[in-house]
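Below, each chain spelled out in residue letters.
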Amino acid sequence: MTTIRDVARLAGVSVTTVSNALNTPGRVSPALSARVHAAVEKLGYAPHAAARSLRKRASSLIGMVVADITNPFFSELFEAVENAAAMRGYSMLLCNSGETFAREEQHLAMLRTQRIDGLILAPTGAIAVNRASILASLDVPVVLVDRGMVELGYDAVVLDNRRAGELATAHLLAAGHRRIGLINGPEILRTAADRLQGYREMLLAAGIPFDPDLVLDGRYREAEAYAATLRLLTAGDPPTALFATNNVMTIGVMRAIADAGLTCPQDISVVGIDDFPWAGAFTPRLTTVAQPVADMGREVLDMLIGRMSGARTGPGETRILSPSLIARQSTTAPFRNFHTEKADVG
């Protein structure tokens, strides 16, 4: 069985350095940490969980509650966190709130009984006056992901969602579109509100008045996005492009376009947020604004372990990661006005 001494020998560092790199990364330089983790991966080293738990009175378990496990973004995020956690000898307990605070609360109560060492939470959008007290009762470090809540005072790792909205809208404007429909999430969620802000600011910069009739709430759900898209497509003056603010809604948007007898991008262009694995397998291949999911997973785990080890102290910090546009085949210049030849979708 590979031991910590084997890892230290291969990495050319002391046993103490290996221990710090795996358990208290804030005490080790990035260069040394990289050498240790490379050695861990090459040797397949895994710390003995039971022995470490007895020494540290810890469970080596990290809880993670996501808002919607059916969303490929959260699945990919969990995989990134779990891979990073395994490298440091931690196991993950995954829970899905389904965007319902009551379920989030139930999961948090359950995790409290599991003696978790820390919690990663993508909170629901519900305004809950007792969320702070529930999290405090866990008596473990907490880091928020995807959706920050500054009022809670915890560390958070989020996307620059306003920039994501800007990138998508600017891409469509550059292609010549002037009527751009937005299928957004609930504005009670900071992600949706910021993406809407980016959309509005790009329209303003282009001298295009904001039209609230072009913005519909798809609830971050496929079925709701499908219905919202059909409403826009059958309106008197439909948009020539659509911007869907998450990947689940993008699927609903594309289904609605097909069921309306229209073709993307010939009849209408589409941009989505989240570059899910099969975006390039769609016909047409989807233009998306990608989140750096792997980086997000590593960052959130680094922040949590820093808090768990005591290497990080003080007020909560929010780290904001940058999105990137991936232009594919679902966007082009508008070249026909299809509202005069709408299909019967009833």
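The structure reproduced in this document is the subject of the present report. These numbers were taken from a predicted model, which means no experiment stands behind them.

## Quick look at the layout of surface pockets
And then number 1: Here the largest pocket is characterised by a volume of approximately 430 Å³.
And then number 2: Every residue lining the largest pocket is counted, 21 residues in all, and those nearest its centre are Ser-33, His-37, Arg-88, Arg-298 and Asp-302.
And then number 3: When contributions to the lining of the largest pocket are tallied by element, the ones reaching two or more residues are helix 3 (30-43), helix 5 (72-87) and helix 12 (293-309).
And then number 4: Counting residues per element, the lining of the largest pocket draws most heavily on helix 12, at 6 residues.
And then number 5: Looking at side-chain class alone, the lining of the largest pocket contains 10 nonpolar, 6 polar and 5 charged residues.

## Here we look at the nonpolar core
And then number 1: One finds Leu-77, Tyr-199 and Ile-257 to be the most contacted residues of the largest nonpolar core, which totals 71 residues.
And then number 2: For Leu-77, the residues in contact, after removing those within four places along its chain, are Met-64, Val-145, Val-293, Met-296 and Gly-297.
And then number 3: Grouped together as the second largest cluster of nonpolar side chains are 19 residues, Val-65, Phe-101, Leu-111 and Leu-138 included.

## Re the side chain of Thr-288
And then number 1: Its location among the elements puts Thr-288 in strand 10 (residues 287-290).
And then number 2: Within the local environment of Thr-288, its side chain forms a polar contact with the side chain of Asp-275, the two groups lying 2.7 Å apart.
And then number 3: Setting aside anything within four residues of it in sequence, one finds Thr-288 in contact with Gly-272, Asp-274, Asp-275, Ala-279, Ser-324, Leu-325, Ile-326 and Arg-328.

## Some details on the pattern of salt bridges
And then number 1: Applying the stated criterion across every chain yields a total of 20 salt bridges.
And then number 2: In this structure, Arg-163 engages Glu-166 in a salt bridge whose closest nitrogen and oxygen atoms are separated by 3.3 Å. With Arg-163 and Glu-166 both in helix 8 (residues 161-174) and 3 residues apart, this pair spans about one turn of that helix.
And then number 3: Residue Arg-163 is classed as partly exposed on the basis of its relative accessible area of 36%.
And then number 4: On the basis of relative accessibility, which here comes to 13%, the residue Glu-166 falls in the buried class.
And then number 5: A salt bridge links Arg-255 to Glu-222; the nearest nitrogen and oxygen atoms lie 2.9 Å apart. Note that Arg-255 is positioned in helix 11 (residues 247-259) and Glu-222 in helix 10 (residues 222-233), a separation of 33 residues in sequence.
And then number 6: Its relative accessible area of 36% is what places Arg-255 among the partly exposed residues.
And then number 7: Because the salt bridges share partners, they merge into one network encompassing Asp-155, Glu-299, Arg-307, Arg-312, Glu-317 and Arg-319.

## Here's the deal with the packing of helix 2 (residues 15-23) against helix 3
Axes are the key here: two packed helices are described by the angle between their axes and the distance separating the axes.
And then number 1: Contact geometry of helix 2 with helix 3 gives a least axis separation of 9 Å together with a crossing angle of 90°. Considering their axes alone, helix 2 and helix 3 lie roughly perpendicular with respect to each other. Judged by residue contacts, Thr-17, Val-18, Ala-21 and Leu-22 of helix 2 engage Leu-32, Ser-33, Val-36, His-37 and Val-40 from helix 3.
And then number 2: Within the contact of helix 2 with helix 3, the residues separate by chemical class into 6 nonpolar, 3 polar and no charged.

## Topic: the packing of aromatic side chains
Each aromatic ring pair is specified by the distance between its two centres and by the angle formed by the two planes.
And then number 1: All told, the structure shown has 2 aromatic pairs when counted by the stated rule.
And then number 2: Centre to centre, the rings of Phe-73 and Phe-74 are 5.0 Å apart; their planes meet at 65°, and the pair counts as edge-to-face.
And then number 3: Residue Phe-73 is classed as buried on the basis of its relative accessible area, which comes to 4%.
And then number 4: Taking relative accessible area as the criterion, Phe-74 reaches 3% and is therefore assigned buried.

Calculation notes
- Residues numbered from 1 in each chain as written.
- Predicted model: local features only at pLDDT ≥ 70, side-chain atom pairs only at ≥ 80, totals over all residues.
- Heavy atoms only, no water.
- 1 Å grid on protein atoms, 1.4 Å probe; cavity = no way out; pocket = protein on both sides within 12 Å on 5 of 7 lines; lining within 4 Å.
- Points joined across faces, edges and corners; volume = space filled by probe spheres on them.
- Helix = DSSP H or I, 4+ residues; strand = E, 2+ residues; numbered from the N terminus.
- Nonpolar A, V, L, I, M, F, W, Y, C, P; charged D, E, K, R; others polar.
- Core = buried A, V, L, I, M, F, W, Y, C linked by side-chain atoms within 4.5 Å.
- Buried < 20%, exposed > 50% of the residue type's maximum accessible area, 1.4 Å probe, protein only.
- Contact = heavy atoms within 4.5 Å.
- Polar contact = N/O pair within 3.5 Å; in protein donor to acceptor, adjacent residues only side chain to side chain.
- Salt bridge = Lys/Arg side-chain N within 4 Å of Asp/Glu carboxyl O.
- Axes fitted to C-alpha atoms, helices over the stretch in contact; angles between N-to-C directions.
- Parallel < 35°, antiparallel > 145°, perpendicular 65-115°, else oblique.
- Phe/Tyr/Trp six-rings, centres within 6.5 Å; stacked < 30°, edge-to-face > 60°.

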